[in-house]
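Structural features, examined
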Amino acid sequence: MARPCPLCENQPLRPLRVSHVEIDTCPGCHGLWFDRGELERFPDRPSARSFLAMKGQTFSRCRKSGHPVGRAEAVCPTCRSEPVRCPVCTGRLLRVVTSASPVDVCPSCEGVWLEAGAFEALGGVMMPQARASATAAAAMECSRCGVGLQVSEAYAYDGDVYCGACRPPGSISGAAMKKGTQGGPLRRVLRTLSMLSLAVSGVVTGCAHTPGPSEVAASYAQALEENRLADASALTSTPTEARPAFLEHYGDASVRQARAKEVREALPRLQARAPALTLIQEKEGWRVVEEKPEDAPRAALKGFLDAVKAGNWNKAWSLLSDPLRARYTPERLREDFKREPLSAERVRRARLALEGDVRVTASGAEFPVGTDRAVRLVREAGEYRVAAIE
């Protein structure tokens, strides 16, 4: 009977062979399960017992949102979901917070659960001499014929690794993974396998490559273009609890393609921030900042209204759409607001609309104001601009 994923409901784990070690992975969330002793077979990763030794830093968490769950509590007191449980013995997993990445470990069977990206991050907690002791023994082997492989020689398909002679159609080469390109449709190749392959290649060559902001942004755009939303979400700073909203927003093909185009157009100007594209450096590496869809237009409208209230007409004028900026100057904008009898009332209603719903599309956003009226914003060069107060 297949083991269940600790996080995904009704999702069985699947075997994954890496570095002569058969572990388990979830095709849904791309997490990894290591049975007792399996993590120790990767020389530059900590052992399960080293995590359990970190007394005072362990707790149980709930399956749905990661809230802490007390030992005496059967379910999460916040969202009523069950605690994360071991796929082997069904005991509660303990959450251990390390300097590199949180992990979940079973105190009974000493298995370890790593979320996507944690395997790479845990290499950073090793002493330099321990990392240097890792050798080519960490190579992979073909799932079909068993021949030993380096990452550049391997091909990945459907969660397994193959040599050049045994590789099935549609497989992705390790060389392409190492360069940060996908080389074709990923189909069901697990993103986790790519991560592990890159990590192993770093051990074998003695020089792990951390993708820079441009590489991460390009991979993010490609994931959107290919409708690989789970992969795209994993390349952002979006917290776990906000990912369902991310998936729903980018489920619209027009929104998805518009965002991918926006990211690609921003790449030539990217350092860590460019119009419409911001990346931050986290422990796991560079991540694209994806706010809630309504956050950016809400912030733009608030900035405009605050500028009007403060009498900062230069700032207010700069937040208008291109057609309005062509018609107005800061001085004329000030005079219009002073002369228009209903301007104060419109500003008041627009500020009330900030607290309500917002309709976001690929081209702009609307804040409803009463019946058949709305504050309208448009997207220009990746930024939201005010096009109409009502």
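Residues numbered from 1 in each chain as written. Predicted model: local features only at pLDDT ≥ 70, side-chain atom pairs only at ≥ 80, totals over all residues. Heavy atoms only, no water.

Focus on the state of the cysteines
- Applying the stated criterion across every chain yields a total of zero disulfides.
- Here Cys 89 stays free of any disulfide, with the sulfur of Cys 106 as its closest cysteine sulfur at 3.4 Å.
- Residue classification places Cys 89 among the partly exposed residues on the basis of a relative accessible area of 32%.
- In this model Cys 109 remains outside any disulfide bridge; the closest cysteine sulfur is found in Cys 86, 3.4 Å from its own.
- Look at Cys 109 and you get buried, because its relative accessible area is 15%. (Disulfide = S-S within 2.5 Å. Buried < 20%, exposed > 50% of the residue type's maximum accessible area, 1.4 Å probe, protein only.)

Notes on helix α6 (residues 213–225)
- Helix length check: α6 (13 residues) gives 18 Å between terminal C-alpha atoms against 18 Å at 1.5 Å per residue, within 8%.
- Turning to α6, its buried residues number three or more, namely Pro 213, Val 216, Ala 217, Tyr 220, Ala 221, Gln 222, Ala 223 and Leu 224. (Helix = DSSP H or I, 4+ residues; strand = E, 2+ residues; numbered from the N terminus. Expected span 1.5 Å × (residues − 1).)

A closer look at the pairing of strand β1 (residues 14–18)
- Examined bridge by bridge, β1 and strand β2 (residues 21–25) share five bridges and lie antiparallel to one another. Looking at β2, one finds that Arg 17 is bridged to Glu 22.
- As consecutive antiparallel partners, β1 and β2 are separated by two residues, and within that stretch Ser 19 has a phi angle of approximately 55 degrees, a positive value. (Pairing = 2+ DSSP bridges.)

Examining the layout of surface pockets
- Within this model, the largest pocket holds a volume of roughly 1200 Å³.
- Forming the walls of the largest pocket are 40 residues, and the residues nearest its centre are Leu 7, Glu 115, Pro 239, Thr 240 and Arg 243.
- Listing elements by their share of the lining of the largest pocket, those giving two or more residues are α7 (229–234) and α8 (243–249).
- Of the residues belonging to the lining of the largest pocket, the class tally is 15 nonpolar, 13 polar and 12 charged. (1 Å grid on protein atoms, 1.4 Å probe; cavity = no way out; pocket = protein on both sides within 12 Å on 5 of 7 lines; lining within 4 Å. Points joined across faces, edges and corners; volume = space filled by probe spheres on them. Nonpolar A, V, L, I, M, F, W, Y, C, P; charged D, E, K, R; others polar.)

Examining the sheet that holds strand β20 (residues 383–388)
- Across the sheet, which stays open at both edges, the four strands sit in the order β17-β18-β19-β20 with antiparallel pairing between neighbours. Looking at the sheet topology across the chains shown, the edges are occupied by β17 (359–360) and β20.
- Of the strand pairs in this sheet, strand β18 (residues 364–368) and strand β19 (residues 374–380) are connected by five bridges, and their pairing is antiparallel. Residue Gly 364 lies in a different strand from β19, and its bridge partner there is Val 378.

Points about the packing of helix α10 (residues 295–310) against helix α14 (residues 343–353)
- Their axes nearest at 10 Å, the elements α10 and α14 cross at an angle of 150 degrees. Between α10 and α14 lies a crossing of left-handed hand. On α14, the residues touching Arg 298, Leu 301, Leu 305, Asp 306, Val 308 and Lys 309 of α10 are Val 347, Ala 350, Arg 351 and Ala 353.
- Per-class residue counts for the contact of α10 with α14 are six nonpolar, no polar and four charged. (Axes fitted to C-alpha atoms, helices over the stretch in contact; angles between N-to-C directions. Left-handed = near helix turned anticlockwise from the far one by under 90°. Contact = heavy atoms within 4.5 Å.)

Some details on the pairing of β20
- Pairing of β19 with β20 involves five bridges; the strand directions are antiparallel. What sits directly across from Leu 377, in β20, is Val 386.
- What sits between the antiparallel neighbours β19 and β20 is a turn of two residues, in which Ala 381 has the positive phi angle 55 degrees.

A few points about the packing of α6 against helix α9 (residues 253–266)
- For the pair α6 and α9, interaxial distance at closest approach is 8 Å and the crossing angle is 160 degrees. Judged by the angle between their axes, α6 and α9 are roughly antiparallel. Every pair of crossing elements has a handedness; the one defined by α6 and α9 is left-handed. Contact residues: Ala 217, Ala 218, Tyr 220, Ala 221, Gln 222, Leu 224 and Glu 225 in α6; Arg 256, Gln 257, Arg 259, Ala 260, Val 263 and Arg 264 in α9.
- Residue classes in the contact of α6 with α9 are distributed as seven nonpolar, two polar and four charged. (Parallel < 35°, antiparallel > 145°, perpendicular 65-115°, else oblique.)

A few points about unusual backbone geometry
- Residues other than glycine seldom take positive phi values, yet Thr 90 does so here, at roughly 65 degrees.
- Mapped onto the elements of the fold, Thr 90 is located in the loop between β5 (68–69) and β6 (94–96).
- For Thr 90, a relative accessible area of 52% translates into the label exposed.
- The residue Glu 110 is not glycine, and still its phi comes out positive at about 60 degrees.
- Of note, Glu 110 is situated in the loop between β7 (103–105) and β8 (112–114).
- For Glu 110, a relative accessible area of 14% puts it in the buried group.

Some words on the pattern of salt bridges
- In this structure the tally under the stated criterion is 21 salt bridges.
- Taking the shortest distance from any N to any O, the salt bridge between Glu 262 and Arg 259 comes out at 2.8 Å. Placement of the pair is Glu 262 and Arg 259 together in helix α9, with a separation of three residues, close to one helical turn.
- Through salt bridges with shared partners, one network takes in Arg 61, Arg 95, Asp 104 and Glu 115. (Salt bridge = Lys/Arg side-chain N within 4 Å of Asp/Glu carboxyl O.)

Thoughts on the side chain of Thr 25
- Secondary-structure assignment places Thr 25 in strand β2.
- Only 3.0 Å separates the side chain of Thr 25 from the backbone oxygen of Gly 31, close enough to count as a polar contact. (Polar contact = N/O pair within 3.5 Å; in protein donor to acceptor, adjacent residues only side chain to side chain.)

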